[in-house]
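One letter stands for each residue in the lines below.
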Amino acid sequence: MTRAALLVGLGVWAAAAVSAGDEARAQPSPPETPIPTVVERSRLEVAPAGRAFVNLSVENALGDVSIEGHDGTALVIETRKRAPDDASLDRLRVSLVPGLDGSVRISTAVDTTGTDRALSKSAARIDLVIRAPRDLRFAARVGSGQLEVSGMDAGGDVDAASGTITMRNIGGATNARSISGAVTLSEMFGPVDAQTINAPVKLDTIAGESLVTSAHRGAILARRVRARRIELMTTTGDVELEGELALAGKVVVSSLRGNITVRLRGRGAMAVRAMGQKVDLGTTKTRVVKGVTMAELGSGDEIAGIDLRTRHGVVAFAVNF
Amino acid sequence: MNCATCQRLLSAYLDGALGDRDASALRGHLRTCEACRAQAALEASVIDTLHQLPPVEPPPGLWLAVREQLAQEEIADAGVPWHRRLARSLAPWAPRALGGVALAAAALALWHSRAPEPRGEALAIEGEAPRAAPAIVDVSLALVEESSMIDSSYRDAVSELVALIGETRVEWQPSYTEKYDARVVELRAQVDAAASGPARERAWQELMRFLQATLTRPELAMEVAP
């Protein structure tokens, strides 16, 4: 065999080898390494023993929580667990602890004993759907999951880290707090207090004694608000408020860098004070004292106070009697 | 394990879905391959970020549209002559075959020109211990991290507000400054005294509210003009 023939033969063999190797690696990955998922669903109904439930506390850092009010007296808890395999699924725990005082505590946890393989957070999940008597007060916390509450009459406290909070048709005093998940509250009938750090707050149809909302880095959009005391505050986000001014009510909207837009329907007298890079109070009957633009509108004995101020933004105010 | 296999198995590994033997081999590869290690760290952060996004509902007609397009392409394929289909299927291998020939020629040239050298530890890096592969963070640890993330988010926001207030406090009356400082000390003490969890978060929230009010409407925050 000549040297040239040897070279050609070796080249053909090498090409075949490279092609074969590439062929093996070029297999589409999803069919070869499917990510297994085991799902377990369960439903538990808990009837009150003697005393009716008055408080519900739910804590789930592993997924979503949904609380829906109903007219019955029992708690119905639907659980959906998801994990890559059975062993991991067994690590996901849901516990229910009823108290003698009519309280019920539902919490989720991950068993850390006897595990030889790590389970990533994205692969483990527990979602809870709870139907609860609408007249009990609730407290719920999630991490990155979504938190939804609807149809409850006694108010409650909700907290989220990065998860979103959505509440609808709630009566009673309600507090909603989130780090970076958006907060959306609608059809709220009672005092509302909402606070976020890095997320917007959306409010629609709020009718209660007070509405207090603050967002550090996030906008506040409030529509159809009717409350005697309204306080909206942001550091950087814009604030929009549209609602009805109560007689002798108080509205304070403030921001460092955000623009402020307020549109109110009202009766009676109101005293408006505004500060901003540019101020438009919708009337020419204004006066400026030490940088504060002021206007007295309407007539009557019970004067509502409206205070609007932004250091770096603009203020736009309109009232419709 | 080589880089291609590592890339193929990486997603399953990060999801905790890889068998123990494959996971061990993959970790071994990550200890010695900086590129794959960087890729793993990136994917891990992407997974965590994606998990935090709210779910998006696809439009109702999306799947129907995809199926319709697939069907159209299959109908078009059916009309292509057999020799064109064969040429199309072989086309991807042509550059690889040429590359293989070139590689073999280069290897032979090297074999002729150089004497064999003693084999060393190919993967060992002189003077550097193998770095730890980015192991899966167990969910139990991730939850602890999430809890500390809440604390640090409040701490960062409070620091930012205090710094912003610092820009304006030079204009305050000394009595207002004194009152403000005393209130901040009081609220910070509440934060420090509270155990982690809801009580501590409430303390942070109260401090945040006070600082934001002081920043945006100072005379209303403490009911006196600054």
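It should be emphasised that the depicted structure is a prediction, and the values quoted were computed from it without experimental measurement.

### Examining the overall build of chain A
- Counting secondary structure elements, chain A contains three helices and 24 strands.
- Counting across all 321 residues of chain A, residues that qualify as buried make up 44%.
- Look at the contacts in chain A between residues 6 or more apart in sequence, and 43% of them connect residues 24 or more apart.

### A look at the overall build of chain B
- For chain B, the count of helices and strands is 10 helices and zero strands.
- Ordered by position from N to C terminus, the α and β elements of chain B give α-α-α-α-α-α-α-α-α-α.
- Relative to all contacts within chain B whose residues are 6 or more apart in sequence, the contacts with residues 24 or more apart total 63%.

### Topic: the pairing of strand β22 (residues 292-297) of chain A
Residues and elements named next belong to chain A.
- On β22, burial follows the alternation: Thr293, Ala295 and Leu297 on one face are buried, whereas Val292, Met294 and Glu296 on the facing-out side are not.
- As paired strands, strand β19 (residues 269-275) and β22 are joined by five bridges and run antiparallel to one another. Within the sheet, the bridge partner assigned to Ala274 lies in β22 and is Thr293.
- As defined by bridge partners, strand β21 (residues 287-289) adjoins β22 across three bridges and the pair is classed as antiparallel. Among the inter-strand pairings, Arg287 is bridged to a residue of β22, identified as Met294.

### Re the packing of helix α1 (residues 3-14) of chain B against helix α2 (residues 20-32) of chain B
Residue and element names in this part refer to chain B.
- Where α1 contacts α2, the axes come no closer than 10 Å and their chain directions differ by 120 degrees. Relative to α2, α1 is oriented oblique. Both α1 and α2 take part in a crossing whose hand is left-handed. The residues of α2 that touch α1, namely those facing Cys6, Leu9 and Tyr13, are Asp22, Ala23, Leu26 and His29.
- Its residues assigned to classes, the contact of α1 with α2 comprises five nonpolar, one polar and one charged.

### Observations regarding the nonpolar core
- Membership of the largest hydrophobic core comes to 105 residues, with the highest contact counts inside it found for A:Ile67, A:Ala140, A:Val149 and A:Val253.
- Setting aside residues up to four positions removed in sequence, A:Val253 forms contacts with A:Leu232, A:Val239, A:Leu241, A:Ile260, A:Val262 and A:Leu308.

### Structural notes on the environment of A:Ile260
Residues and elements named next belong to chain A.
- Topologically, Ile260 is positioned in strand β18 (residues 260-266).
- Along the backbone, Ile260 and Ala154 are 106 residues apart, and their C-alpha atoms lie at a distance of 32 Å.
- Other than its neighbours up to four places away in sequence, Ile260 contacts Val239, Val253, Ser255, Gly276, Leu308, Thr310, Gly313 and Val315.

### Regarding the confidence of the model for chain A
- Confidence in the prediction for chain A averages 89 pLDDT; 88% of positions are at 70 or higher.
- The low-confidence segment residues 4-30 of chain A, where pLDDT is below 50, has 27 contacts with residues more than four positions distant or belonging to other chains.

### Topic: the confidence of the model for chain B
All names here are of chain B.
- Looking at chain B, pLDDT values average 76 and 63% of them are 70 or higher.
- The least confident element of chain B is helix α6 (residues 93-113), whose mean pLDDT is 58; the most confident is helix α9 (residues 198-216), at 95.
- With pLDDT under 50 throughout, residues 113-130 is counted as low confidence; its partners more than four residues away or in other chains account for three contacts.
- Two numbers describe this predicted complex: its pTM, 0.70, and its ipTM, 0.84.

### So, the environment of B:Arg209
- One can find B:Arg209 in helix α9.
- Residues B:Arg209 and B:Val158 lie 51 residues apart in sequence; the distance between their C-alpha atoms is 9.7 Å.

### Digging into the pairing of strand β10 (residues 156-160) of chain A
Residues and elements named next belong to chain A.
- Most of β10 sits out of view: four of its five residues are buried.
- As paired strands, strand β8 (residues 137-142) and β10 are joined by five bridges and run parallel to one another. Bridge pairing in β10 links Ala139 to Asp157.
- Summarising the sheet, β10 and strand β12 (residues 174-178) pair through five bridges and their orientation is parallel. Note that in β12 the partner of Val158 across the bridge is Ala176.

### Description of the packing of helix α7 (residues 139-168) of chain B against α9(B)
Residues and elements named next belong to chain B.
- At a minimum axis distance of 10 Å, the contact between α7 and α9 shows a crossing angle of 20 degrees. By the angle between their directions, the pair α7 and α9 is classed as roughly parallel. Crossing of α7 against α9: the hand is left-handed. Only Glu201, Trp204, Leu207, Met208, Leu211, Gln212, Thr214 and Leu215 of α9 make contact with α7, whose side of the interface consists of Ile150, Tyr154, Ala157, Val158, Leu161, Val162, Leu164 and Ile165.
- When grouped by side-chain class, the residues that make up the contact of α7 with α9 number 13 nonpolar, two polar and one charged.

### Focus on α7(B)
- With 30 residues, α7(B) should reach 44 Å at 1.5 Å per residue; the first-to-last C-alpha distance of 44 Å fits that figure.
- Residues of α7(B) that are buried include every one of B:Val139, B:Ala142, B:Ile150, B:Tyr154, B:Ala157, B:Val158 and B:Leu161, and no others.
- Those residues of α7(B) that are buried lie in contact with β6 (103-110) of chain A together with α9 of chain B.

### Description of the environment of A:Gly249
All names here are of chain A.
- With respect to the secondary-structure elements, Gly249 resides in strand β17 (residues 239-255).
- Assessed through the 23 C-beta atoms surrounding it within 10 Å, Gly249 is described here as buried.
- Residues Gly249 and Arg309, 60 residues apart in the sequence, show an inter-C-alpha distance of 17 Å.
- With sequence-adjacent residues up to four places away left out, Gly249 is seen in contact with Arg228, Arg229 and Ala304.

The rules we used
- Residues numbered from 1 in each chain as written.
- Chains lettered and ligands numbered in written order.
- Predicted model: local features only at pLDDT ≥ 70, side-chain atom pairs only at ≥ 80, totals over all residues.
- Helix = DSSP H or I, 4+ residues; strand = E, 2+ residues; numbered from the N terminus.
- Buried ≥ 20, exposed ≤ 12 C-beta atoms within 10 Å, placed from the backbone.
- Contact = placed C-beta atoms within 7 Å.
- Pairing = 2+ DSSP bridges.
- Axes fitted to C-alpha atoms, helices over the stretch in contact; angles between N-to-C directions.
- Parallel < 35°, antiparallel > 145°, perpendicular 65-115°, else oblique.
- Left-handed = near helix turned anticlockwise from the far one by under 90°.
- Nonpolar A, V, L, I, M, F, W, Y, C, P; charged D, E, K, R; others polar.
- Core = buried A, V, L, I, M, F, W, Y, C linked by C-beta atoms within 7 Å.
- pLDDT = per-residue confidence, 0-100.
- Expected span 1.5 Å × (residues − 1).

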